[in-house]
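# Fold and contact review
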Amino acid sequence: MLLRLLAAAGLAIAMTTAAPAQDAAPAAAPAPGWSFAIHGGAGTLERSRMTPEQQADYRTALQAALDAGRAVLAGGGSAVDAVTAAITRLEDDPKFNAGKGAVFTWDGINELDASIMDGNGRRAGAVAGVHTVRNPILLAKAVMDDGRHVMLSGKGAEQFAGEHDLAIVAPAYFATDHRRRQLEELKAKNLSALDVEFKFGTVGAVARDADGHLAAGTSTGGMTGKRWGRIGDSPVIGAGTYADDAACAVSATGSGEFFIRAAVAHTICERVRAARKLTVDGKTETVPLTTEVLQGIVDGVIAEVGEMGGDGGVIVAGPDGKPVFSMNTPGMYRGRATSDGLSEVAIFADE
Ligand code: ASP
């Protein structure tokens, strides 16, 4: 019911703004322009727990990744290329839990997961449990471009990487002292993966390019102390990542088990797809999606994750307007930019 009201509200706004002033040939709808958003993980990011220097470091890193994607889109590049440009940058930055700086498993190694989806044709690629591929998002993209499979794991994924001209590194490349200390703390205090600094640090990006195509990607080291080949939501298409030109593009971060169970990324896109359709007298039309309607849908799904016991957030790019964020944590490293000149990065939920 709420969704129907939101969709109707979106239509009402669309009808008032689109009403022609006089009888004239209807002008073609203006192109919505490009839009872009990134995240660097959600969690207990509170002002009191971060020094001004730490905050500034994160903001600089987020801005650099945002600018990398923005440059691709402003230059007429594709949504997929903007997503990979930003994510490779974040993977190379040891501050984030993806690529270099990934968290450690219980066995003291780094196991990386990533996925990417092109909303144009719903092509997708994903990898899980890789140890030697410098940029797992590029491996996910190679899987997508190859097209035979969607998801590869472990040794097989690495063998595939070796056949596809991707940078291979020694497993030690990913290790940082900071993440090793987190593992030691978890073991010493017998904590669960969620208790060690409740900060996720996964990275992701969503984009709409100038041609209206959408894409989403996510990359992570998963959770500190993960065992038994545990795989979270990030490489699961429909959970941590989803893109469909007819709906939206989503990248998630948070307690992956809940995001898988709620099929978060796909659920958001299906609700968006439904909100864009209006049937009158048996004829179904696609109606514009306002930012308010999109935000309402996304907040609703994150609230459901919270009711299940999960924490985290998402970034979402829709077919029109600017990207939106939603989180049920005190903060999420994030940024967004549009062809209209919007460019902002933020950390805390109240920003
Ligand atoms: N969602 C990731 C996972 O569960 C963790 C994160 O977002 O940092 O593997």
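This write-up is about the structure you can find in this document. (Residues numbered from 1 in each chain as written. Predicted model: local features only at pLDDT ≥ 70, side-chain atom pairs only at ≥ 80, totals over all residues. Heavy atoms only, no water.)

Turning next to the overall build of the protein chain. Looking only at helices and strands, one finds 9 helices and 14 strands in the protein chain. By the burial criterion, 52% of the 351 residues in the protein chain qualify as buried. Sequence separation of at least 24 residues holds for 69% of the intrachain contacts in the protein chain that already meet a minimum separation of 6. (Helix = DSSP H or I, 4+ residues; strand = E, 2+ residues; numbered from the N terminus. Buried < 20%, exposed > 50% of the residue type's maximum accessible area, 1.4 Å probe, protein only. Contact = heavy atoms within 4.5 Å.)

Next up on the list: the packing of helix H4 (residues 136-146) against helix H5 (residues 154-162). Contact geometry for H4 and H5: axes closest at 10 Å, N-to-C directions at 80°. Regarding the angle of H4 to H5, the classification is roughly perpendicular. From H4, Leu 139, Ala 142, Val 143 and Asp 146 reach across to H5, where they touch Ala 157, Phe 160 and Ala 161. Class assignment of the residues belonging to the contact of H4 with H5 gives a composition of 6 nonpolar, no polar and 1 charged. (Axes fitted to C-alpha atoms, helices over the stretch in contact; angles between N-to-C directions. Parallel < 35°, antiparallel > 145°, perpendicular 65-115°, else oblique. Nonpolar A, V, L, I, M, F, W, Y, C, P; charged D, E, K, R; others polar.)

Before going further, it helps to spend a moment on the pairing of strand E5 (residues 203-208). With 6 of 6 residues buried, E5 is to be regarded as a mostly interior element. Burial of E5 is two-sided: the residues Val 203, Ala 205 and Ala 207 facing one way and the residues Gly 204, Val 206 and Arg 208 facing the other way are all buried. Pairing of E5 with strand E6 (residues 214-220), which is carried by 6 bridges, proceeds in the antiparallel orientation. Pairing of Gly 204 across the sheet is with Thr 218, part of E6. (Pairing = 2+ DSSP bridges.)

Now for the sheet that holds strand E13 (residues 331-338). One open sheet holds the 8 strands; their spatial order is E4-E3-E2-E6-E5-E1-E13-E14, and the pairing between them is mixed. The strands lining the two open edges of the sheet, one partner per strand, are strand E4 (151-153) and strand E14 (343-348). Sheet twist, expressed as the average angle between the axes of neighbouring strands with direction ignored, equals 5°. In terms of strand pairing, strand E1 (residues 35-43) meets E13 through 7 bridges, oriented antiparallel. For Ser 35, the partnering residue across the bridge sits in E13 and is Thr 338. Along the sheet face, H4 touches strand E2 (112-118), strand E3 (123-130), E4 and E6 and points at about 135° away from the line of E3.

Time to look at the site of the ligand. For the ligand, the full set of nearby residues is Phe 200, Gly 201, Thr 202, Gly 222, Arg 230, Gly 232, Asp 233, Ser 234, Thr 253, Gly 254 and Gly 256. At 2.6 Å from a nitrogen atom of the ligand is found a side-chain nitrogen or oxygen belonging to Asp 233. One of the backbone N or O atoms of Gly 254 is found 2.7 Å from a nitrogen atom in the ligand. Alone, the ligand offers 270 Å² of accessible surface; in the complex the protein occludes 100% of this. (Near = heavy atom within 4 Å. Polar contact = N/O pair within 3.5 Å; in protein donor to acceptor, adjacent residues only side chain to side chain. Areas by Shrake-Rupley, 256 points an atom, 1.4 Å probe, with all protein chains shown as cover.)

Here we come to the nonpolar core. Counting 49 residues, the largest nonpolar core has Phe 36, Ile 38, Phe 96, Leu 139 and Tyr 333 as the members making the most contacts within it. It is helix H3 (residues 79-92) that contributes the most residues to this core, 7 residues altogether. Apart from the residues within four sequence positions on either side, Ile 38 is in contact with Leu 62, Ala 65, Leu 66, Ala 86, Gly 204, Ala 205, Ile 315, Phe 325, Tyr 333, Arg 334 and Gly 335. With 41 residues, the next largest nonpolar core counts Ala 124, Leu 214, Val 250 and Val 324 among its residues. (Core = buried A, V, L, I, M, F, W, Y, C linked by side-chain atoms within 4.5 Å.)

Attention shifts here to helix H6 (residues 177-188). Spanning 12 residues, H6 covers 16 Å between terminal C-alpha atoms, matching the ideal 16 Å at 1.5 Å per step. Directly after H6, the chain includes Asn 190, whose backbone phi takes a positive value near 55°. (Expected span 1.5 Å × (residues − 1).)

Our focus in this paragraph is the environment of Asn 110. The residue Asn 110 is located in the loop between H3 and E2 in this model. By relative accessible area, Asn 110 is classed as buried at 5%. Through-space distance from the C-alpha of Asn 110 to that of Val 130 is 8.1 Å; in sequence the pair is 20 residues apart. Not counting chain neighbours up to four residues away, the residues in contact with Asn 110 comprise Ala 102, Val 103, Phe 104, Val 130, His 131, Pro 171, Phe 174 and Ala 175. Looking at Asn 110, its side chain comes within polar contact range of the main-chain oxygen of Ala 102, at 3.0 Å. Looking at Asn 110, its side chain comes within polar contact range of the main-chain oxygen of Val 103, at 3.0 Å.

With that settled, the discussion passes to a nonpolar patch on the surface. A surface patch of nonpolar side chains, amounting to about 230 Å² of accessible area, comprises Val 150, Met 151 and Ile 231. A residue is classified by how much of its surface remains accessible, and Ile 231, at 34% relative accessible area, is partly exposed. (Patch = residues over 30% accessible without salt bridge, like charges linked within 9 Å, V, L, I, M, F, W, Y side chains within 5 Å. Salt bridge = Lys/Arg side-chain N within 4 Å of Asp/Glu carboxyl O.)

Those residues of H5 not exposed but buried are Gly 154, Ala 157, Glu 158, Phe 160 and Ala 161. Take H5 and look down its axis: the buried residues cluster within an arc of 155°, on one side only. The exposed residues of H5 that point more than 90 degrees off its buried face are Lys 155, Gln 159 and Gly 162. Looking at the buried side of H5, the elements it contacts are E3, H4 and E4. (Arc of directions from axis to C-beta.)

Without other data, these values stay purely geometric and don't point to any function.
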